[in-house]
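# Tertiary structure, described
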There are 4 protein chains.
Amino acid sequence: MANSKYEYVKALFEAEDKLMPSTWIVLRINGSNFHKFSDEYGFEKPNDERALKLMNACAKAMLEEFPDIEFAYGFGDEYNFVFKKTTQFYKRCSSKIVSIGVSFFMSVYAREWKEFFPDKDLSLKSAPFFKFRTICYPSTTIVRDYLAWRQVDYCHINNQYNTCFWMLVKSGKNKSEAQDEIKSSRSQDKYEILLKQFNMNYNELPAIFRKGSCVFRDKVEEKCNGNGQPVERLTSKLVIDHPDIIGDEFWVDHRHILKGNTTPN
Amino acid sequence: MANSKYEYVKALFEAEDKLMPSTWIVLRINGSNFHKFSDEYGFEKPNDERALKLMNACAKAMLEEFPDIEFAYGFGDEYNFVFKKTTQFYKRCSSKIVSIGVSFFMSVYAREWKEFFPDKDLSLKSAPFFKFRTICYPSTTIVRDYLAWRQVDYCHINNQYNTCFWMLVKSGKNKSEAQDEIKSSRSQDKYEILLKQFNMNYNELPAIFRKGSCVFRDKVEEKCNGNGQPVERLTSKLVIDHPDIIGDEFWVDHRHILKGNTTPN
Amino acid sequence: MANSKYEYVKALFEAEDKLMPSTWIVLRINGSNFHKFSDEYGFEKPNDERALKLMNACAKAMLEEFPDIEFAYGFGDEYNFVFKKTTQFYKRCSSKIVSIGVSFFMSVYAREWKEFFPDKDLSLKSAPFFKFRTICYPSTTIVRDYLAWRQVDYCHINNQYNTCFWMLVKSGKNKSEAQDEIKSSRSQDKYEILLKQFNMNYNELPAIFRKGSCVFRDKVEEKCNGNGQPVERLTSKLVIDHPDIIGDEFWVDHRHILKGNTTPN
Amino acid sequence: MANSKYEYVKALFEAEDKLMPSTWIVLRINGSNFHKFSDEYGFEKPNDERALKLMNACAKAMLEEFPDIEFAYGFGDEYNFVFKKTTQFYKRCSSKIVSIGVSFFMSVYAREWKEFFPDKDLSLKSAPFFKFRTICYPSTTIVRDYLAWRQVDYCHINNQYNTCFWMLVKSGKNKSEAQDEIKSSRSQDKYEILLKQFNMNYNELPAIFRKGSCVFRDKVEEKCNGNGQPVERLTSKLVIDHPDIIGDEFWVDHRHILKGNTTPN
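What counts and how
- Residues numbered from 1 in each chain as written.
- Chains lettered and ligands numbered in written order.
- Predicted model: local features only at pLDDT ≥ 70, side-chain atom pairs only at ≥ 80, totals over all residues.
- Heavy atoms only, no water.
- Helix = DSSP H or I, 4+ residues; strand = E, 2+ residues; numbered from the N terminus.
- Buried < 20%, exposed > 50% of the residue type's maximum accessible area, 1.4 Å probe, protein only.
- Contact = heavy atoms within 4.5 Å.
- Least-squares fit on C-alpha atoms with pLDDT ≥ 70 in both.
- Disulfide = S-S within 2.5 Å.
- UniProt positions renumbered as here; feature names shortened; annotations may be inferred.
- Pairing = 2+ DSSP bridges.
- Buried area = accessible area lost by both parts, 1.4 Å probe.
- Polar contact = N/O pair within 3.5 Å; in protein donor to acceptor, adjacent residues only side chain to side chain.
- Expected span 1.5 Å × (residues − 1).
- Arc of directions from axis to C-beta.
- Salt bridge = Lys/Arg side-chain N within 4 Å of Asp/Glu carboxyl O.
- Phe/Tyr/Trp six-rings, centres within 6.5 Å; stacked < 30°, edge-to-face > 60°.
- Lys NZ or Arg CZ within 6 Å of the ring centre and 35° of its normal.

The next point concerns the overall build of chain A. A count of helical and extended segments in chain A gives nine helices and six strands. The proportion of buried residues among the 265 residues of chain A is 54%. Intrachain contacts of chain A at a sequence separation of at least 6 include 71% that bridge at least 24 residues.

As structure tokens, then:
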């Protein structure tokens, strides 16, 4: 192939940004300047169920397209995709994973928009932007801690705050009054405000708001084999659910997810 | 803010992928699986002028949106954006530059499609994908060598090959015969084939095919000042042109591009 | 502290070279230009037991000085130090670990020299140089594969080759004849040469030559506690041994080494 | 060569830590825990001229051994070695440059000790340790800013502080009184304290204390050639001097240093 004297720039400068082998790769998406975007399209506050379900549909499409994604967790304008530890997806080059991820996610977002917002056109002048990044984790324990962190410190804390804030605003306070009232409150205080002032039990709000959404492949028991032994095998059915992923229960019930390879670790 | 026991994963693992300061950042875009995409939409071979002009329109929109891009060079399904040396765009974090770049470029590509292909709908099921990456170069000399490399080793060599290949195919050869005929030919041989078999002077083909396209801000001389001295200043007018960027002429005529800061280097 | 206009160079350029948390760090030492050094001091060929024991003494001193080193494996002029997965040694900064490692190892090498070579002065004009580097491994399995690789592909293969080569040379061949005779021989061939030509059973050579040396802390059973239960605890006794570290036996017998933390992985 | 199933660990994990080509590499040495070391050997406070000259001798030996080092600047227990921009020293691998640097510097330090401290033995039990690191700078301007930063913010500020501190201590104050007296003083205040209380003009102290030391190759005019034209060429003569390296004068007088390659930048 090409062979001019200028080729030296390639060999010298194009270092590959390969992620460490045998680690879990998390591809995290966050909306960029999403406040403006959600205002333009009149998303409901604090949560717009259609917008969340659109994000979930995109995440589901990601798992369909890229079988090496084993688990996804999202809320608001964020989604986290966990690739299996042994994935060789785009040779584990970070910038390639990021750009293919952005390309695919955005095209599905645009394609599926009509399904969830049939009354609004997604103008290309106001398309949503996303920032993607990759992060590596060497063990299952730490990936689980990462996911727990996103659920407790981001999804839960932000959602409780936003729920409180918007109830106060809708009840007549202006935004800075609402902010002042809750800015140094603890979780329990916000729970009380919602219950006493608005007769709203936070714990009874839809799980999709409080817990966010997980997308994963379900494992179902299939027909017995000749010996009458039940045979379990992975089906391709993708599930969207809103479980607690901090405790052990979900992970015990879904042992096939994030188990890594079978070698001792 | 958030403060659970899981937060440790952030401080430890989320290393920032900052690019070295005071270096030229090149953001390079390449179509991913573009052959399939171009077949689906019936792009003309070896070059589809509308598709190239659509790429140029996207590149122009990039320079309008991101003033820190000083120069862009593209051909086929590739485009290279050179950010100025001192840019602090997204704090020089590679994955953020890549994802914002992909987001913006793709949304412009979809938006401008109709302008260039009014007779075809861009189906979201067959959206184009792009791979983006960043590369740093420490000196103007090396950036110029990089751009020269893309023009001579990729644009020129590929285009001459493709022109030859498709002329042979259009004249009745099948693809593998065409390939065999030119696979070990030198540049001069291909020039002769085109001239003798097809009466085509390669050097007279449109510059947009042979040289690719550059996008940059032009500098024009403006009104004299009070002392009768002509005052040169940068206008915001963006220019798309197809110059040779290997030799010095273009760069001498456009000294304001890639000059770096004014300190000795 | 200091605050001149020049300080910007620090914040911008001094990226920390931190190694990924929760991975095993291997610090590998190799002699630099060691052939010359070993010739100058007349090391015996193919193995000089005193030189190997000096290396082992240095490795032992490393484990005494740096408790986060859990295991060391060496042969010839190479030594590998495995830091525990959770180590915060010099904040896991690669260049600091390398420079402190070199500083300490070299000063012990010079200090202990007299012990093993009482008849020769270590001239500072001909001091040994070492190249150090760090490598991270995310799981115990892979660290064990790494150690197995050094033992089988480097220690064993090199030692069998060198043993054969030097026996041929000592028996009167010149170096290039010796090289020619064994250059494309398989392991079994070299075994036969040694046995038939020199009546030497390779498998009965000292393990320190064939297997290299391991340094680790031994675990011994201590006094019963009040309930009559034996209590096992780590003693500080450092052991130098020459086991096979490819198979499982050594690792089963020394479960406290390389076990990582106790969390699932 | 070696070829067992374990070899995969190499290709996957041993990423090379190559430094960006065409950038200036600075190798910086700092004493590790040097306070303790200097106390043990009774270094004079605030500056021990013999210790500084020993450091300079080591730096000079570095430039003799490694011709790609173009300039060195040091003070106290720190030394900075600037490799030329185009150096291919150890293929620009950071950890190799660091370990060879440590190995060589330390062995010279031990070898030259007797020259400067003939009355004291350098015990190997109390050998000095050094931390080395590499930093890259893309332009000459920034390397000069880096060197200016070390001279003004570290050498000058620390030395003025230490001079003041030790004069107060030697005059009878205890260490915490001395610290209190100068802790929030400005440069001018410390100048006054030294002048009024101790009749010491700081600006007249030896330049080796106030400015630190530079090591570089001098360029001298040599014999005329046949045409009577003076011919300048680099001699191998190494110079140790104590100039101001913040302003332009030194650099104008020594244009051959840090000039980079001759291509525009």
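Picking up where we left off.
Look at the two chain copies: a rotation about an axis and a shift along it is all it takes to match them. Between chain A and chain B, the superposition needs a rotation of 180 degrees and an axial shift of 0.0 Å, giving an RMSD of 0.0 Å. What the rotation and shift describe, once combined, is the action of a two-fold rotation axis. Comparing contact sets, 100% of the residues at the interface of chain A also lie at the interface in chain B, consistent with an isologous, same-surface contact.

Let us look at the state of the cysteines. Inspection of every chain in the model, using the stated rule, returns zero disulfides over all chains. Here C155(A) is not disulfide-linked; the sulfur of C214(A) is the nearest cysteine sulfur, at 9.7 Å.

The next subject is the UniProt feature "binding site: Mg(2+) 2" (unreviewed entry) in chain A. The positions that UniProt labels "binding site: Mg(2+) 2" (unreviewed entry) are, in the present scheme, D77(A). Position of D77(A) among the secondary structure elements: in the loop between β2 (69–75) and β3 (78–83).

Residue and element names in this part refer to chain A. The element β2 is largely enclosed, with a buried count of seven among its seven residues. Direction of pairing for β2 relative to β3: antiparallel, over a ladder of six bridges. Within β3, the residue paired with G74 across the bridge is Y79. Following β2, the chain reverses through two residues before pairing antiparallel with β3; G76 in that reversal takes a positive phi of roughly 50 degrees.

What follows concerns the environment of A178(A). Residues and elements named next belong to chain A. For A178, the position within the fold is in helix α6 (residues 175–182). When the C-alpha atoms of A178 and M167 are compared, they prove to be 8.9 Å apart, with 11 residues separating the residues in sequence. With residues up to four places along the chain from it excluded, the contact list for A178 reads F165, L168, V169 and K173.

On to the interface of chain A and chain B. If you look at the interface, chain A gives 50 residues, while chain B gives 50 residues. The contact between chain A and chain B buries some 4,300 Å² in all, and 68% of this surface belongs to carbon and sulfur atoms. At the junction of chain A and chain B, the tally comes to four residue pairs in polar contact (both at pLDDT 80 or more). Every element with two or more residues in the side of chain A that touches chain B is listed here: α1 (8–13), β1 (24–32), α4 (94–116), β4 (129–137) and α5 (140–170) of chain A.

Residues three or four positions apart in an α-helix share a direction because the helix packs 3.6 residues into each turn. Residue and element names in this part refer to chain A. In a regular helix each residue adds 1.5 Å, so 12 residues correspond to 16 Å; helix α7 (residues 187–198) covers 16 Å between its end C-alpha atoms and thus fits that length. For α7, every residue scored as buried is listed here: K190, Y191, I193, L194 and F198. Axial view of α7: buried residues confined to an arc of 160 degrees, hence all on one face. In the core, the buried residues of α7 are packed alongside α5 and α6. Immediately beyond the C-terminal end of α7, within one or two residues, lies N199, with a positive phi of roughly 55 degrees.

Let us look at the pattern of salt bridges. A side chain of one charge can pair with a side chain of the opposite charge when the charged atoms of the two come close. Counted according to the given criterion, the structure contains 56 salt bridges over all chains. Of the charged contacts, one joins K53(A) and E49(A) as a salt bridge, the two residues approaching to 3.2 Å between their closest N and O atoms. Of this pair, K53(A) and E49(A) both sit in helix α3 (residues 49–65), separated by four residues, roughly a single helical turn. Classification of K53(A) as partly exposed rests on a relative accessible area of 39%. As a salt-bridge pair, D180(D) and K183(D) come within 3.6 Å of each other at their nearest N and O atoms.

Let us now look at unusual backbone geometry. Residue P46(B) follows K45(B) across a cis peptide bond; omega there is 0 degrees. Summarising the element assignment, P46(B) is placed in the loop between α2 (34–40) and α3 (49–65). Phi angles above zero are rare outside glycine, and Y90(A) is one such case at about 45 degrees. Looking at where Y90(A) falls in the secondary structure, it is placed in the loop between β3 and α4.

This paragraph deals with the UniProt feature "binding site: Mg(2+) 1" (unreviewed entry) in chain A. Residues and elements named next belong to chain A. Following the UniProt record, one finds the feature "binding site: Mg(2+) 1" (unreviewed entry) at G31 and D77. In summary, the annotated positions, though distributed over 47 residues, converge in three dimensions, the widest C-alpha pair being only 5.2 Å. Residue placement: G31 occurs in strand β1. The residues contacting G31, other than those within four sequence positions of it, are D77, F129, F130 and K131. Using a relative accessible area of 24% as the deciding quantity, one classes D77 as partly exposed. When near neighbours in sequence (up to four residues on either side) are disregarded, D77 contacts I29, N30, G31, F34, M55 and F130.

Enumeration over the complete set of coordinates arrives at 128 aromatic pairs over all chains. An angle of 65 degrees between the planes, with centres 6.2 Å apart, marks the rings of F37(B) and W113(B) as edge-to-face. Taken together, the residues F37(B) in helix α2 and W113(B) in helix α4 (residues 94–116) connect sequence positions 76 residues apart. Residue classification places F37(B) among the buried residues on the basis of a relative accessible area of 6%. A relative accessible area of 1% places W113(B) in the buried class. Ring geometry for F43(D) versus F117(D): centroids 5.3 Å apart, planes at 5 degrees, classification stacked. Of this pair, F43(D) sits in the loop between α2 (34–40) and α3 (49–65) while F117(D) sits in the loop between α4 (94–116) and β4 (129–137); the two residues are 74 residues apart in sequence, bridging distant segments of the chain. Relative accessible area serves as the criterion here: at 10%, F43(D) is assigned to the buried category. Overall, the relative accessible area of 0% leaves F117(D) in the buried class. Put simply, the rings of F34(A), F37(A), Y41(A), F43(A), Y79(A), F81(A), F105(A), Y109(A), W113(A), F117(A), F130(A) and F132(A) touch in pairs and so form one group of aromatic residues. The ring of Y154(B) is capped by R150(B), whose NZ or CZ atom sits 4.0 Å from the centre of that ring.

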